Structure formats: C-alpha cells, structure tokens
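Single-letter residue listing:
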Amino acid sequence: MSLVRTSLAVSVALVLGGCTVETADTSSCPTGSSGSSGASGGSGTTPQGGCVRDRDIEASETWSPSACPTGYLVKRDIAIKGTGTELKLEPGTVVKHESDAGLVVAPGAALVAEGTAAQPIVFSGWQDAPGSWKGVRVESNSVRTKLAFATISGAGSSNDRRGALSIANGEAGVGGRAELSDVTIEKNAKVGLELDSRAKLGRFERIRIKDNASGGAHVEAPAVAQLRGTDVAFETNGADNVVTIETNILVQLDEDATWPSVAPAIYRVVGQHGEGGDLVRVNRHLTIEPGAIFELAGGSGFLVSGGTAGMKAVGTADKPVIFRGIAGSSWLGITYGETTWSENRLENVQIRNATQAPEWSYYGTGNTAVRKSSLLLGYNFTTAVQLTLKDVTFAGPNNAPADIAKKAAVNLTLDGANVGAAGGAVDVEAF
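Criteria and cut-off values
Residues numbered from 1 in each chain as written. Predicted model: local features only at pLDDT ≥ 70, side-chain atom pairs only at ≥ 80, totals over all residues. Heavy atoms only, no water. Salt bridge = Lys/Arg side-chain N within 4 Å of Asp/Glu carboxyl O. Buried < 20%, exposed > 50% of the residue type's maximum accessible area, 1.4 Å probe, protein only. Helix = DSSP H or I, 4+ residues; strand = E, 2+ residues; numbered from the N terminus. Contact = heavy atoms within 4.5 Å. Core = buried A, V, L, I, M, F, W, Y, C linked by side-chain atoms within 4.5 Å. Phe/Tyr/Trp six-rings, centres within 6.5 Å; stacked < 30°, edge-to-face > 60°.

1. What to know about the pattern of salt bridges
And step 1. Throughout the structure, instances matching the rule amount to 26 salt bridges.
And step 2. Here D160 makes a salt bridge to R161, at a shortest N to O gap of 3.9 Å.
And step 3. Judged by its relative accessible area of 46%, D160 falls in the partly exposed class.
And step 4. Through salt bridges with shared partners, one network takes in D77, K134, D160 and R161.

2. Considering the side chain of D182
And step 1. Along the polypeptide, D182 turns up in strand β13 (residues 177-186).
And step 2. What makes D182 buried here is its relative accessible area of 13%.
And step 3. In this structure D182 touches A148, F149, A150, E205, R206 and I207, once residues within four positions along its chain are discounted.

3. Quick word on the nonpolar core
And step 1. By size, the foremost hydrophobic cluster in this structure holds 89 residues, and its most contacted members are F123, F294, F323 and L346.
And step 2. Setting aside its immediate chain neighbours within four residues, F323 contacts I288, F294, L296, F302, A313, W331, I334, V349, Q350, I351 and R352.
And step 3. Residues A357, L376, A405 and F431 belong to the second largest nonpolar core, which totals 5 residues.

4. Thoughts on the packing of aromatic side chains
Aromatic rings in a pair are described by how distant their centres are and how their planes are angled relative to each other.
And step 1. Scanning the entire structure with this criterion turns up 9 aromatic pairs.
And step 2. With a centroid separation of 6.4 Å and an interplanar angle of 45 degrees, the aromatic rings of W259 and Y267 are classed as tilted.
And step 3. For the pair Y267 and F294, a centre-to-centre distance of 5.0 Å together with 15 degrees between the ring planes defines the contact as stacked. Here Y267, found in strand β20 (residues 266-270), pairs with F294, found in strand β23 (residues 293-296); they are 27 residues apart in sequence, far enough to count as distant.
And step 4. By relative accessible area, which is 0% here, F294 ends up buried.
And step 5. Site record: aromatic cluster; members linked through ring pairs are W259, Y267, F294, F302, F323 and W331.

Next up, the structure:
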C-alpha cells in the first residue's frame, strides 16, 4: 500500500515548481524554472534557489512542499547539528540528493519527517536509481527523531554507509535513536536498514523493507532486539533475503533481549565487518521467538556464558527455530557454559551442520578424548548447568561426531521426540 502512495506523491511533486530560502526567511524563488543547479541527468524539474541545499543545518528549519513543490535538492552530505536543532519535513515533502549527498542527524539534533497516507515524505536520489545518493544517518539519541509515512529509496553510493537508513553509534557511547512507522525502505544498492550496537528504535511499526540489493538489514548483535516490531516485512532483498547479524568480542549481549523472527527473511551470522565468522556471546538472557532462522558462517556459533546468562529458543511445530550453516556448510554449534538459568530451553529447534561447539576453541574440556559435539553443556567445572530439550532435531551434513557433550553435573532434561543426527536417539557424550 505504501508503495502506491509514494509513487503518486513523487508524480505530483515533480510536475510542480517553486522553492524557498536557506533559513527562516520564507520568501520564495522563481518557480517552474529548469535552470542549472549543478545537478545532471536527474528526473523532473530542477529545484532552484533555497530549494538547493549544500551546507549544514545549524538552526531549526521547516521544509515543505508549498515552499518547494519540485522538491529539495541536497548537493552534498549535510548534517543537522547542535543540541535542540530540528529539521522538520511537512507532509508531501520530497528530498532528492546528488551522488555524494545525504542527511546526517548529529548528536543532540533531530529529524522530524511525519507524512500522512495521502501525503507521504520521499527521500531519494536525484538520479532516481539504486546507489544514487548516500542515505540518512542518525547519530542523535533525541526522542524527537521520527519518520512516519515516508519512503527511502535509491541510496547506497558511499562505502561509509551500509544502510539506506543507518541508526548509528554517536558520541560518548550513546547510540542513535529513531521512531519509525509506516516507512518503506526500498530499491537501495546496499541494505535497507543498518543498526549499530547501541541503536534504539523507539517505535517500529508497519515497516516494509524490500528490493534492497545487499539484504534487508545489517545489525550488530546487541541491536537485533530492536527489529521486534509490529507488521514488519523484509521482502525480496538480494538473492537470499538476509538480515545480517554482525558479531565479535566487542559487541556482546549484555542486556536481556528477545530476537524476533524476520521470516521470510533469514538471519545470517558473520564476523566483524562481515568477514568470516564469530561468536554470538550471550551474557544475559536471550529469548528467540518462533520461526527465526539462523544461517551461520564458518567459525560462527552461540556461546552462553555462566552465572545469570541463558538462552531460550522455543519454536512451534510449524514455525521451528533453525540453526544451520550457509548452504549446508559447517559452523561451530551452541555452547551453554556454566549457566544455571532455570529457563534454558530448546524446543522445536533444528540444529544442522554444527561440527564443533564453541567451547572447544575457547575453553577446552580438559579431556581430548571427548568427541566434539553440536551442543556442548558445561566447561571444566562442576556447575549444575540447566537445560531442557524438547522436540529438537540434530542433522547434517557436516554434523559433529556427537550431538551433545556434557559435564557430569549438567541437569539435562530430554522431553518429546528428540532426534539425533544419525536418525535415532540423541547421542550424548559425557565427560
């Protein structure tokens, strides 16, 4: 629905003419002109005068379709700067960008872009093609930054932004923040949405992320929980429709989190900068919702720490939680360390292609004769690790020699119909 509304808004905006000046002065420039503004090969009538922007915004402004009916043309990367500075876009505003241009919401500032169903706001490239501008980057944690009834398309021209919309880590350890509702992110040359480790989405409702060439989203592991919204769809993004989870030792899960399913998209777990694999390190409580599918690069795995840490993945018969290697390749597996969380549980879960649970590389069992396993419970200590398995299936190819390896003190409960990689009962190796 939002796609149709957007196309109508663009059509209306591009046949009109007009502009305004850089600041609070509301005088207008000549309308209907197609004179030179430095833009080349763009679509529609070229904006003129104050509708062309090439410097940072350091005092609050309002942009509107009445002031600039042909849209605003941003000619370089410009920042909304200063504590309390706000750029407000009124319903129906169209913002077009040159190839080296984009919008940055700097710490303390805000972007308020709230359209309506009848008058959506459009962010696009002047060339109207994937990769024709940089995108929008939010570094501010202001609660005022909101996008509603808005479309972001055609971004991806720069290597410093993976997402058409990036919610980034700002200064002094503070992450960017935004509220998104009725937003479409589509037809971008890279991923649609990028979330750094401290990013926050105060609202995430009625979102369509589709037809982005490199995937739906790229999210650092601590921010995956921010994707849990209402009526969120990842559709036809790249060849595999992936949401990439980037993980490394510097981005551990140190807060309780719930990770949603992004079906029909799949999560793909990779290492830092998207290179190789690494561990999702769970230091608090992680809950994984039904239907979530994880594809893990070689060297990737889940490592649940001791103490209060824990992981609960509970699927259903028709929406199992799946952990598997990419295209049937191997990955490490899942390790529950010295965790005593009583809610540790894997139910209606598939563990495929796991060859060596992460503990083997990072801690050592103290017994080299123990067979490597897809699921490892306990390290070298006598902590009574708690875990319940119900209706869990282990499968290959590339499966480990044992399904489960566990310390003697582990409290492992097997319920339901658990199936080992060999097709029979689950193979448990004690050490």
